[in-house]
Structures are given as C-alpha cells and as structure tokens.
Protein chains: 2
Amino acid sequence: MAGDMTTFKGKPFDRASLESLMKRRLFYTPAFDIYGGVSGLYDYGPAGCALTNNIVDIWRKHFVLKENMLEVDCTMLTPHEVLKTSGHVDKFADWMCKDPKTGEIFRADHLVEEVLEARLKGNKEARGQKVEVEEEDPKKKKKKVKNIQAIKLDDALVQEIEEVLAKIDNYGGEELGQLIEKYDIKNPATGGKLEPPVAFNLMFQTSIGPSSNMPGYLRPETAQGQFLNFQKLLEFNQQQMPFASASIGKSFRNEISPRSGLLRVREFLMAEIEHFVDPEGGKKHHRFDEVKDVELELLNRDVQLAGKTHVETTKIGKAVESGLVDNETLGYFLARIQQFLFKIGVDPKKIRFRQHMANEMAHYAADCWDAELLTSFGWIECVGCADRSAYDLSVHMKKTGAPLVVREPRKEPLKVEEWQCDLDKKKFGPKFKKDGKTVEAAIEALSQALREKLSLDLEKEGKIVIDVPGVGDGKVEVPKELITIEKRTRVENALCEHLYWTREQDEARGVLSFPPTVAPTKVLIVPLSSHADFKPFVRTLSDQLQELGISTRVDDSGASIGKRYSRNDELGTPLGITIDFQSVKDNTFTLRDRDSTEQVRAGLDEITKAISSLVNGKEKWSDIAARLPKFEGQEVD
Amino acid sequence: MAGDMTTFKGKPFDRASLESLMKRRLFYTPAFDIYGGVSGLYDYGPAGCALTNNIVDIWRKHFVLKENMLEVDCTMLTPHEVLKTSGHVDKFADWMCKDPKTGEIFRADHLVEEVLEARLKGNKEARGQKVEVEEEDPKKKKKKVKNIQAIKLDDALVQEIEEVLAKIDNYGGEELGQLIEKYDIKNPATGGKLEPPVAFNLMFQTSIGPSSNMPGYLRPETAQGQFLNFQKLLEFNQQQMPFASASIGKSFRNEISPRSGLLRVREFLMAEIEHFVDPEGGKKHHRFDEVKDVELELLNRDVQLAGKTHVETTKIGKAVESGLVDNETLGYFLARIQQFLFKIGVDPKKIRFRQHMANEMAHYAADCWDAELLTSFGWIECVGCADRSAYDLSVHMKKTGAPLVVREPRKEPLKVEEWQCDLDKKKFGPKFKKDGKTVEAAIEALSQALREKLSLDLEKEGKIVIDVPGVGDGKVEVPKELITIEKRTRVENALCEHLYWTREQDEARGVLSFPPTVAPTKVLIVPLSSHADFKPFVRTLSDQLQELGISTRVDDSGASIGKRYSRNDELGTPLGITIDFQSVKDNTFTLRDRDSTEQVRAGLDEITKAISSLVNGKEKWSDIAARLPKFEGQEVD
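All figures in this text were calculated on a predicted structure; none of them were measured in a lab. (Residues numbered from 1 in each chain as written. Chains lettered and ligands numbered in written order. Predicted model: local features only at pLDDT ≥ 70, side-chain atom pairs only at ≥ 80, totals over all residues. Heavy atoms only, no water.)

A few words now on the sheet that holds strand β26 (residues 588–593) of chain A. Residues and elements named next belong to chain A. Pairing is mixed in the open sheet, where five strands are placed in the order β24-β23-β25-β26-β27. Two strands in the sheet have a free side with no partner beyond their single neighbour: β24 (552–554) and β27 (599–603). Strand-to-strand twist across the sheet, computed as the mean angle between neighbouring axes with direction ignored, equals 25 degrees. Bridge count between β26 and β27: five bridges; the pairing is antiparallel. Its bridge partner being in β27, T588 is matched across the sheet by G603. Contacts from helix α20 (residues 561–570) reach β23 (523–527), β24, β25 (575–579) and β26, with the element oriented near 165 degrees to β23. (Pairing = 2+ DSSP bridges. Helix = DSSP H or I, 4+ residues; strand = E, 2+ residues; numbered from the N terminus. Axes fitted to C-alpha atoms, helices over the stretch in contact; angles between N-to-C directions. Contact = heavy atoms within 4.5 Å.)

Residue and element names in this part refer to chain B. One way to put it is that helix α15 (residues 425–432) packs onto helix α16 (residues 436–444) with a least axis distance of 8 Å and a crossing angle of 125 degrees. One element, α15, and the other, α16, form an angle in the oblique class. Of α16, the residues touching α15 (which contributes K425, F428 and F432) are G436, V439, E440 and I443. Residue classes in the contact of α15 with α16 are distributed as four nonpolar, one polar and two charged. (Parallel < 35°, antiparallel > 145°, perpendicular 65-115°, else oblique. Nonpolar A, V, L, I, M, F, W, Y, C, P; charged D, E, K, R; others polar.)

Here the focus is the packing of aromatic side chains. Residue and element names in this part refer to chain A. Under the defined criterion, the tally for this structure stands at 22 aromatic pairs over all chains. For the pair F243 and F276, a centre-to-centre distance of 5.2 Å together with 40 degrees between the ring planes defines the contact as tilted. Note that F243 is positioned in strand β10 (residues 243–252) and F276 in strand β11 (residues 267–276), a separation of 33 residues in sequence. The ring of Y565 has R592 lying over it, and the distance from NZ or CZ to the ring centre is 4.3 Å. Across from the ring centre of F631, 5.3 Å away, lies the NZ or CZ of R601, which sits over that ring. (Phe/Tyr/Trp six-rings, centres within 6.5 Å; stacked < 30°, edge-to-face > 60°. Lys NZ or Arg CZ within 6 Å of the ring centre and 35° of its normal.)

Residue and element names in this part refer to chain A. The strand order across the open sheet built from three strands is β4-β9-β8, with neighbouring strands paired in antiparallel fashion. Each edge of the sheet is formed by a strand with only one pairing partner; in this case those strands are β4 (77–79) and β8 (205–207). If you compare each strand with its neighbour and ignore which way they point, the axes differ by 45 degrees on average. Of the strand pairs in this sheet, β4 and strand β9 (residues 215–218) are connected by three bridges, and their pairing is antiparallel. Looking across to β9, one finds that P79 is bridged to G216.

Looking now at the nonpolar core. With 55 residues, the main nonpolar core has F27, I316, V325 and F353 of chain B as its most contacted residues. Non-local contacts of V325 of chain B, meaning those with residues more than four positions away in its chain, are made with L298, I316, A319, V320, L330, G331, L334 and W369 of chain B. Grouped together as the second largest cluster of nonpolar side chains are 53 residues, F27, Y42 and F288 of chain A together with L512 of chain B included. (Core = buried A, V, L, I, M, F, W, Y, C linked by side-chain atoms within 4.5 Å. Buried < 20%, exposed > 50% of the residue type's maximum accessible area, 1.4 Å probe, protein only.)

Residues and elements named next belong to chain A. In the segment running from M241 into P242, the intervening peptide bond is cis, with an omega of -10 degrees. Following the sequence through the fold, P242 ends up in the loop between α9 (230–236) and β10. In the Ramachandran plot, K433 falls in the positive-phi region, its phi being about 50 degrees despite a non-glycine side chain. Examined against the element boundaries, K433 turns out to sit in the loop between α15 (425–432) and α16 (436–444).

Okay, structure coming up:
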C-alpha cells in the first residue's frame, strides 16, 4: 500500500508525518480543546480556512458559474414537519446498543461486523491459516476488539457468518438484535451483556421560538431547502427546464461515536447540486457532447455483487451508450465531478466511481454512483451522485398541497406585515401642486400606529387629516381617491436601500446600483434576436468571461432590448453587451453601463478587458467611456 | 425623510417598490414557505447568494488578506460549559411576558416602551399639541397598539414616564415587572393581564452525542471559537503580538418575536474580527498613519446623554488625539470599517458612528462604537466595534486552567486515537537490506487490532513476528530496537494525502503540493535578512500582490533561506520571492517553484505577472521557466 501512495518524487508516503504536519501548522484542530474537546467537532485554522475557501471558490466557478446554476442559501434550522415529510425523522437513524453497566454505546451494525470478523480470523488462526491483513475501513470505525482468540469454528458456521457479513448493511434493528442474541455478542472490552438495539436519529433536535411549541432540527443535508424552493426557482428561471440549483453550507449529523478524524464529524461543510430534469426527455443533457470522451474508472454493481473490485476504464459516452451509466445527465455529472476533483489536486491514479448496490442506497435514491478516492485507509467515498427521481418533490407536494410542478402558479404567504400607504400620483400632483413633495414626505413618515388608525378614518370618513408643518394651517386633508392604506408584508435591507432608485423615464422599473465588484451578476449578454447567427457570439462571450471568473447571464428572449436591460437593472447587473448585425460582420460589440445607460463599441478583446477592469474595481465607467468610442444606439422599449 | 433617501438621480425613493423587486427577483424569500413559513427564517435565492458571496469576498480581501489576519472556522455546536463560562447562559437573554389567556408572548422592554409612548402621545393629543411623527425603530419592533387614546396626564406623570423611557434599556426583569404593575400595562390588543417577566435565553439548545449527557447550544456569536483558539493562533503567529483572528459563519439567536424582516432573524451570517493587542503598549496600531486623515461622522456618548443627536465630522487622527476615540487600534478599525462599507456601496451621506452609552453595552464590552446606516426606518446598527478588553480570555482561562496568555506552552489533548508504528530507519535498512521496503510496507498495512496485539508482544517478548509474503519463509521477526508501537492521536484528510510528499534530501520536512489555485497562501516573501534596505521591497511586493487579490506571507526571521522555504513547503505555499542585495540595486527578484525548487529571476512587473498567471491557473511553472531567465542561486539550509 505504501508504494501505491507515492506520486510525487521523494520519500515513500508516511501518514504519521502528514498528520503531524497538519496539526502542527493548524490546518485543523479539535474544537473546545481547552475544555477537553468534543468528539466529532473540529475547528479549522488559517491554512485550513484558506484551503476551504479556495476549493469553494473553484467549486462555484466549475459548477455554479459554468452552468448558470441557481445558488440558494437556506436555513439550517428546519421545522419538524419538513423532515418528517422528507423521511428523515423516521429513517435517518442508526441502531445503537447500550451496555447498561458501563454506559458505553455501540453502533449495532459495526459491533456485529467487528465481532464476527474477529471470530473468522480466530478460526483461521486456529486452523493455522494465514490471517489476511485487513484494510481498515474508516467508514466503519470500530471499538477495539481486545484480542482475537484462536478458536476453531464449524465449516457450516463459517459459511453462515460470511453470509451475514456480506449482507451487514441490509439489516434493521430487530434483525441486528437477533444476530446479537444468536451469536452471543457482548461488549468486546468487558464481556458485558448489551441492551437490544434502539434507533438513534442522527439529527440534532432543538426548539424554535419562545413557546417551545415548534420542534425543529439542524438540517442533515442541504438538499431539502432546494426542493422546498423548487417552484420559486423554476419561476426565476422563467419556467424553463431543465435547471440546477446549488447550495453550499454546514450540515449536522449526531454520529453515535465519531472516531475517524475529519471523515466522520458531527458538523461539516456540504456542497450539493440538484439538477431538475424532465424524465420524459430521457434525461438528456445538452452539454453531454463536451464530456463524452472523458475516461472514468467505473466499478459497477454486478462486479461488486460477484465479490470483485476490478474497474473498467471507460469513456463516459460509451458507458451511457451501453446503459452501464443510466442516462446522459448522470453521466455528464460524473465526468464533471471528476474534472472538478482533478482541478483541486486529486491524483488521477487514485480515483474510481463505484455504483451503489440496491441494498445500500439511501431511502430517496433511484441510482447512485460514488466518487471514491484511494487513501492510506483504502477507498473513501468523497462525492455521491444520486438519481433521486422525484421522491422529494412528490412527498413535499403531497404533504403541503403546494404545487411543486412545472407551470403552476405559486403562492407566497409572507409572515412579516406592515401598514403601507400608496398614493395615486397622477391625481396627487395636480391637487397639491408645489406642496406635493412635502405632503408625500409627511405621509411616508407616518408611524405604523398612526397608519393603522388612519386606515380606519379613511374607511369611515372617506379621507384622512395629517399634520404637515408649513403647508396651509399645518393640517392637510387627503381624500380616499388619492390614497390607500393597507396592511402588507414587508422585508427590508439597508444596503439595498442605499443603492436603489427608479429611472425618471420608466415608471415600472427600479435600478439596484451595486458597484460592479459587488453585483450578483456582472454582465448581461443580449443578442438582438434569437437569430442563429448570433448564437456562436453568445457562446464565445460567455465562455471567455467565465474563463475570467466573471458571471454572465444571457437573455435571448423575444422582449425588446430596452426591456431586457430593464429586467437586469432590477438585479443590479452593471454591464450589458449587445450582439447585433454589425457584430456578425466585424466582431465588435456594444458595452452598456447600467447607471448612465451610456454605451461604447469595440472589439472582443477591448470589451472583455474593459469588463474585467470594471469588475475588479481597477477602472470606473468614466475611464472606459473616455478611452473607447461612444456608441449612440437605440435603446427602445 | 423621502427626500434624504435619494442619492441616485431618478424618482424619489420608494420603499414598497424596492421590497417588491427584491421578493420578486428572489434575492430572498421566507424559508419553509410552502409549510406556512417560520418567522425569523429566510432563504437567499441566486441573486442574494451571489451578492453575499461577493461581499464576503471583499470582506476577506479588505480585512483578512490586507492585514494578514488569521482566519478560523469554528463549530456552531458549542458545549454548555463554554457558554456558561463566557456569560451567555446567564446573561444572553431577553425578558418576556406571557398573556396566559391568548398564549401571546411579548418582549417586556418593548411592550413597556410602546405602551408608555402611546400614552404620552395620547396626552399630547388631549392637550391639542402636535403629535410628533415618530421614526419607527425596527430594532424594537412592536406589537401593534390598537389605537391611541387621547387622555390627558398630569405634568408630573409625564415627566416620570419620560424618565422611564430614557432608561428603558437599563431595566432588569424585576424592574420591568414593577413598571408593568405600576403603570397597569396589559396586552394592548385584548386588555388581558400579563404574567410577570421571565428571562428567555436567546440561544437554541440541543444535545450532543447519543447519551444526552452533553447539553449544548448553537453559537450566538463567532467570537468564542476565536478566544478558545487564542493560544494556538498565537503560536501559529510565532508568538508575535498584536495579531487579529477573523471568522465568518452563521450564528443563531432565538428571537422572541422576530418581525423586522432581514434585520432581526434567527439565523444569520456574521463576520467577526478579534484583534488581540498588548494593553501595555497603549493599544497603538502600526498602520494608524494610513487612516489618520479618514473623516468619520461621530456621535459621542456625551451628546447622546444630553438628549441630542448631532454628529461631528472628525478626522480619526484628531478623534484619537482628543481622547474621543479611546485608542489607535479602535480608531484604526473604525476607519477601516467605513472604508469597507464604502467599498460595498454604502452611501457616504448616510453613515455615522455612534458610541454606546454605559448602560447599553454588552456584558463583555469596555467601550463600543456602532457603525449605523440611515434607512427609511431610521438609523440602523450595522457593525459593532467593541473593546472587549481581556474579559473573554480571562474567564476561559480561569475556568479551564488553560494558559490563554502570551508565551506560555500549549497543551493539545486530541481525542482521536490510533496505534502507530515507528521504525528506526537507520537500523532498519542495514538489517533487512533489499527487503527493507517490503517489510516496511507490511508494517504500514497492519490493522489497528493487530497493532494493538503486537504492542503487547513487543512489550512481553521484545520483538514482533509479522507475515511478509515473499520475504524468507513469509514470517519476519522485528526486534524492539527497530520498532515502537504506540497509541497516538490521528486525523485524516484524503485530498492532502494525494498531495503530500517528503523531499529525499531533507528528512524532516514534508511538502504539500497544492495546485497554486488551491493553495492557502500563494506567495512567501523572503528578504535575505532583516536588513532595513529590504523592508521597502517587502512592502511594495506584498501591497502589489494583495492588490491583485493574491495572499502573501512574509518571513523575515533569522532562519536560513532554505529553512524558511521548508517551513512554507509544509503549508503548501507554491511560490517564493527572495529579496537580496541584487534586488536593492536593480529591482529584480528571484521566484521559486515549490515542487521543483527551480528559480527564475526578473523585474517586479514580470514577477507579479508570472505569479498572477500561475495563481489563476493560466500558466504552469514550466511555462514561466521557459520564458524567464533561470537563476542558479544558493538554497542552503
């Protein structure tokens, strides 16, 4: 094994020295160390944080940016009802046995496996056979077996035990209890009798709100938040399928006895992508061609069932063609996952993709492949890629009645409420003339309590009277034709208020003037129409900008150029590129500044250089406008 | 107010249209919406995520990168004992009153304030005085008062109530109960009598591990993890003070009735910096000169105590000189916070720094200034900048006995344990000769159970016997002079295993060959010695690289160049720049590649261009080595 681990020139790989280095240089450290530590909880130090941040950054560029995935950041606190529906409250559990004398707690499946394996070894020793050196499997970290006793077993019993071990992942609590009974399995350290297995749910429980009547959990995965937002994301994506959502954040699992260092911890960073695809389209993927020649090491289900572990190096195109990998979408993501792992430095000689056997899949999965990495502990699962079919959307839909399907209207019951005043500005100006702005400001400044009171006045008397110092006698009457006062939902964001304004010429559209460094999306790419001639230019521009780490959004809808820009003013997109017939002729494009709506025109290189400079905060629009030729184009609604 | 809000040209600011936009375009959305929602919990959609990510990125560059802060990422799950010691279990609470009839729960201070303010207004109305339009304060979101009754109050009572209101933040639960009694304060909606105030701790409680015997909380702030790691960070920083740690992550507060949208939520992203400074040095800051001319709008404590709110525009240099801001370190950070806020788009006309009054400071603070932003809801606290003195370090030190002080040895009791075999390689080679590597590999591959068993053999019999197929008769004896087997701590990381190796020529030092895109720190800057001539070059290089967003680390210790490079090989730093006497003459530097240890020599621009290209993954070292002149320098230990 040691020989296998050496890719870089130099001395043979030595695990102990790597571990010592990582602790010494504070890549990570046990959390609450000065309080004695808590198993399964680690803090990351400066080098560990920087490493994580860089990997997250590459993950975002490789997946989210490249494929225009819709990133969401959902809460970790999750009400009971949601996880009850998803199946986690009932099924996200391991079986544990307690030793009533010592208070020790064992994971039942691991204990049975460990004890029976030790007996098989003892049998071999007793028969004078060579005891195989076992690869330690850190996914199943064991309580130490004190020592292996050389006791000979019947041939029939050996075969029986081997069969039990082959199916160990398949037993429920009752069956594990029977096995413990049948094979007289005890606490390996003390020989003490154990209580029967009980289910231990791996979610951390808490209570939300002051009245303790809303039980909740810390999320065990980030996927549920993505499913719950499905309908909104679909709408955000203008009702177009397929699309992917993505989420990265901490998840929590209350492991029974976490002892495998960073591999099995109770709080961990998790990156998940949910790709929503129409099953009727055969799960095709439009970029599958780009990856079809990527070679993967595949360890399929049948090989494993035959008790073997040899892998086949297969082009993913062939694997999908032959049905080994079920469909293009699954195949596309397997290839992209491998590309990502290579990017962050994984050794191409130490990776394989292993298909789950039927009995080891999670309760939601229809098919699943794990990217596994070879380490000094053996092969370790690193990325799971599962076809969850429509399991999650169906159960949430059934439970809530919310239509988590394509092309259904969405309801959005907001919980935050407020009294809001709306003015009929067409009538308001003529009525108050020069005092209009002052009266408007006084109304805007009314307190919530007063608004509520005034709404009653308005209903009863058909008008309200408010104090406006400096206008008439200081009291101003506003009739109900000019104002409505309603209780509405409200939310608020200080930074966005500083940056929000509405163009004079366009009643309906607001602008969020984020600095280019801060803006969520940097560049809108707008072909004049959906004409095929424009498509290669759209691709070149977005590829080239993504290469520079700059997020783009393409709007090739049928709306007018002006309308498409307006929509993106709302998202705060600072820059826009128009592709027109001139572009097709001479490879020049116009670049538009959101705030001034000024445009310049230049060749591809000049345009991308200008964008990069603006997005990195090196230049301002005025600098660009000064050095590139101005373009006086039409921006019509 | 509406007039004040308009900075961008265009229509007057309209809050409702901004809110509608942000919900419609999925910047954020209520969490668990299809389940009816949970107040105080919001999800962020694609635009909200991108915005957050960009702001976090700028925060890291502005603070962490610029000042070489030590970032840590600590767990959110926190054991009871830690937060008991920090004071949060006892003091991090609000007072709440329950209406036993309706089950409604009120935050006691907000309720008293709201009802008494309504009475003062009713009094004014009854006296025919103008009712002041109040600025709603969303930090104290109120239950709606049904309506204000115009009831005249005695002058003495008015004065008394005004005094109560001025001190509202100062009352404890018992006093709030007395006020409720005295002024006969009831449920404003129903007139129902309320139960006396009880303390409600704002932390979410849970239980860690399967045995329910370790109560814990979700952290209410990220600071505690930074304090607990103080000693390790100090060591990481080579025992040099001052230094700063930084942390960004989710924190949790179980608000009693969160109703102010994104301003008061139960789960939120929090960025905290702890700057550790030696109080005996007068809290000087070595970069204070760089900010001393930054102008801030300061609202000091005395002005507020006099019931006023006028601010003074003051250069921070002057403010520290006059003692208005206590010391350089505090002043430096106030200026840097303002610069950060401007960078992300905050309007310079709508920011002020407000000093806390003595009675409103948190239990740990010695002095505190808030950066406040003007919004349509009034002034909102956005960043707190507190001098916590040594409160936290002292209490944790007292509780645990861990020496959280400078220049004390550190203990690190790891919880993860494993049996490890160490070989005496000097004796091992001569004994096994050509079979050495094979025997070593067999030992490396021994299972944990076997290692434990063998450790007993070694003790009893002074040797171990292991199976090594192909060597002699397949059994190999290893005497205790050649091997030790010990139970030690262990942790593990798959990616790092793939990238770890040890140079042939240097026994002690490992190398982590992270790709430059992934490496935690990108460039090590090494002046030949600490000679004053080199200092300006160090500064120019690190400033210029930071400008490009590239993280650097300076090592100007007395160790040899080779040693300093070795230390950073361990951290995986891919590039190194040496500043030597030649640099002082002609402004050229050598650039070293970690993996090959090759060096090239070139001028400043060429060097930074090469680094940027490597760090962004555009070129490989072989490209750089091909185009820049090779440097055959001494790299001696």
